[in-house]
Amino acid sequence: MTKKDNLLEINDLEVRYPSATLFERIRGADRFVTVLPNTSLTIERGKTVGLIGESGSGKTTLGRAVMGLAPISAGQVRLDRDTVTSQTDKLWPGMRRKTAFMFQDAVASLDPRMRLGQSVTEPLVVHHMLKGDRREKAIELLGLVGLSPDFADRYPHEISGGQARRVTVARALALEPELVVADEPTAGLDLSVQGELLNLLNDLQRRLNVSFLLITHNLAVARHVTDRIAIMYLGRIVEEGPSEQVFHDPAHPYTRALLAAKETVDVDQLISGEVPSLKQRPAGCEFRTRCPIARAICADKPPPARRIGREHLATCHFAGSLPQTGVHQTRHQPTSKPNEGNPEHE
Ligand SMILES: Nc1ncnc2c1ncn2[C@@H]1O[C@H](COP(=O)(O)OP(=O)(O)OP(=O)(O)O)[C@@H](O)[C@H]1O
């Protein structure tokens with residue numbers, strides 16, 4: 001077996017936010033809420049990992065931690081050869097240059113007073129890395145995402161949501177990052193525009209050998225573009241493996257519940273039962289309060305990470321001993337073919 005070329009390694013990461021109100025503090029409540037309790041994730045160079053979970057499970061926090069934008073209280077983030085263990089580490093500026101973050105709300109992330117040409121080249125100006133003519137560079141970056149040169153002169157209010165997404169992709173690629181963290185890149189887009197954007201991301205990844213951490217609620221999106229899938233529950237990765245294997249034979253009851261419904265449905269609408277509070281995590285297995293197969297051991301002991309296949313892990317006492325499901329035998333088809341549709345008419 002050839003050795004893996006891991007670009008990103010997140011090891012036993014803990015992120016806690018200050019939480020308590022004054023009243024809670026007087027009562028002696030814990031002043032922090034632990035969003036990521038002990039979370040690990042790896043991304044190989046040139047690969048896309050999809051991070052899936054319900055709202056509030058900690059996906060964005062993990063993405064922010066990779067950029068040094070969340071308070072790390074334990075564990076480490078290694079990108080390439082640099083390792084950091086706190087939010088104040090002096091290595092962050094160098095690491096941030098190798099990473100780009102695409103925010104959830106594309107239109108809001110663009111400055112309304114800036115022409116798009118200025119917006120996409122701004123990271124180069126901020127990092128003193130602009131070589132040559134700014135307008136030419138803007139046209140080159142816009143061309144990379146299928147937008148014609150005249151977009152350089154437009155303002156954000158003059159373009160559609162799909163076009164705004166493309167502009168944020170162009171800006172993310174300006175510094176030639178090794179890793180792009182894309183937070184819900186297709187949220188709010190029509191199905192056909194989603195398909196075009198996903199094809200664009202696929203195409204750019206192949207051409208530029210960039211790694212992607214794709215944060216999404218949408219299972220169809222994850223299936224279409226990812227090499228590996230990580231399923232998050234209350235800030236923990238409960239299942240992780242090659243996308244086809246996880247979709248074809250999910251090993252964790254939570255993943256099974258997510259996949260049992262139609263792929264196009266948003267994960268927040270799939271599982272019944274209330275999500276436990278991050279401040280009152282259930283003892284033992286944290287999913288047991290909603291799990292259809294929970295037994296006594298699930299309340300007694302936290303489950304170990306069990307190996308299902310060579311590169312497929314699930315954190316459940318019964319992973320590997322559940323009957324096979326084969327829930328989704330056929331690969332999801334893109335909603336449009338590469339280069340089909342004209343982004344300028346989105
Ligand atoms: N800056 C912050 N201060 C305090 N709590 C925060 C902060 N940012 C996030 N949280 C809390 O952390 C938890 C996880 O939030 P996060 O945004 O990471 O989840 P998510 O899975 O990305 O959710 P969504 O899918 O809705 O974006 C939530 O309970 C949220 O309220």
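Residues numbered from 1 in each chain as written. Predicted model: local features only at pLDDT ≥ 70, side-chain atom pairs only at ≥ 80, totals over all residues.

(A) Structural view of the overall build of the protein. Counting secondary structure elements, the protein contains eleven helices and twelve strands. The buried share of the protein, reckoned over its 346 residues, is 43%. For the protein, long-range pairs separated by at least 24 residues make up 67% of all intrachain contacts whose partners lie at least 6 apart in sequence. (Helix = DSSP H or I, 4+ residues; strand = E, 2+ residues; numbered from the N terminus. Buried ≥ 20, exposed ≤ 12 C-beta atoms within 10 Å, placed from the backbone. Contact = placed C-beta atoms within 7 Å.)

(B) Examining unusual backbone geometry more closely. If you check the backbone angles, E176 has positive phi at about 50° while not being a glycine. Looking at where E176 falls in the secondary structure, it is placed in the loop between α6 (161-173) and β7 (179-183). One non-glycine residue with positive phi stands out, namely N209, at about 55°. Following the sequence through the fold, N209 ends up in the loop between α7 (191-208) and β8 (211-216). On the basis of neighbour count, N209 is assigned to the exposed category, with 12 C-beta atoms found within 10 Å.

(C) Looking closely at the site of the ligand. Residues in contact with the ligand amount to 13 residues; listed here are only the nearest, Y17, S55, K59, T60 and T61. The element contributing the most residues to the shell around the ligand is helix α2 (residues 59-66), with three residues. (Near = placed C-beta within 6 Å.)

(D) Here's a closer look at the packing of α6 against α7. It is at 10 Å that the axes of α6 and α7 come closest, and there the two elements cross at 15°. Classified by the interaxial angle, the pair formed by α6 and α7 is roughly parallel. Between α6 and α7 lies a crossing of right-handed hand. Mapping the contact onto sequence places G162, R165, R166 and V169 in α6 and V193, E196, L197 and L200 in α7. Across the contact of α6 with α7, the residue classes tally to four nonpolar, one polar and three charged. (Axes fitted to C-alpha atoms, helices over the stretch in contact; angles between N-to-C directions. Parallel < 35°, antiparallel > 145°, perpendicular 65-115°, else oblique. Left-handed = near helix turned anticlockwise from the far one by under 90°. Nonpolar A, V, L, I, M, F, W, Y, C, P; charged D, E, K, R; others polar.)

(E) Focus on the sheet that holds strand β5 (residues 82-84). Sheet architecture is open: four strands sit in the order β2-β1-β4-β5, paired in antiparallel fashion. Of all the strands in the sheet, just β2 (32-44) and β5 have a single pairing partner and so form its edges. With strand direction ignored, the average angle separating the axes of adjacent strands in the sheet is 10°. Both strand β1 (residues 6-18) and strand β4 (residues 72-79) contribute to a ladder of six bridges, which runs antiparallel. What sits directly across from I10, in β4, is V77. Those strands touched by α2 are β1, β2 and β4, and its axis lies near 65° from that of β2. (Pairing = 2+ DSSP bridges.)

(F) The sheet that holds strand β10 (residues 236-242), seen in detail. Within the open sheet, the eight strands sit side by side as β6-β7-β8-β3-β9-β10-β12-β11. Their pairing is mixed. Of all strands in the sheet, those bounded by a partner on one side alone are β6 (99-102) and β11 (305-309). When strand polarity is set aside, the average angle formed by the axes of neighbouring strands in this sheet is 20°. Here β7 pairs with β8 via five bridges, running parallel. Bridging from a neighbouring strand, V181 pairs with L213 of β8.

(G) Broad picture of α6. Across its 13 residues, α6 extends 19 Å between first and last C-alpha, which sits within 8% of the 18 Å expected from 1.5 Å per residue. Burial analysis of α6 places twelve of its 13 residues in the buried class, the great majority of the element. Every buried residue belonging to α6 is among G162, Q163, A164, R165, R166, V167, T168, V169, A170, R171, A172 and L173, and all of these are buried. Of the surrounding elements, those touching the buried residues of α6 are β6, α4 (116-126), α5 (134-144), β7 and α7. (Expected span 1.5 Å × (residues − 1).)

(H) Representation of the confidence of the model for the protein in the model. Confidence in the prediction for the protein averages 87 pLDDT; 87% of positions are at 70 or higher. Per-residue pLDDT, averaged within each element of the protein, yields its smallest value for helix α1 (residues 22-26) (69) and its largest for β10 (97). ipTM for the predicted complex: 0.97, alongside a pTM of 0.87. (pLDDT = per-residue confidence, 0-100.)

(I) Region of the structure containing the packing of α4 against α6. One can describe the packing of α4 onto α6 by two numbers: an axis separation of 7 Å at closest approach and a directional angle of 35°. Two secondary-structure elements touch here, α4 through L116, S119, V120 and P123 and α6 through V167, A170 and R171. Its residues assigned to classes, the contact of α4 with α6 shows five nonpolar, one polar and one charged.

(J) The arrangement of the nonpolar core in detail. Of all hydrophobic cores here, the largest spans 86 residues; its most connected members are L51, A65, L142, V180, L213, L214 and I231. Element by element, the count of residues in this core is highest for α6, at six residues. Not counting the four nearest positions on each side in its chain, I231 is found in contact with I52, G53, I237, V238, E239, H252, Y254 and T255. (Core = buried A, V, L, I, M, F, W, Y, C linked by C-beta atoms within 7 Å.)

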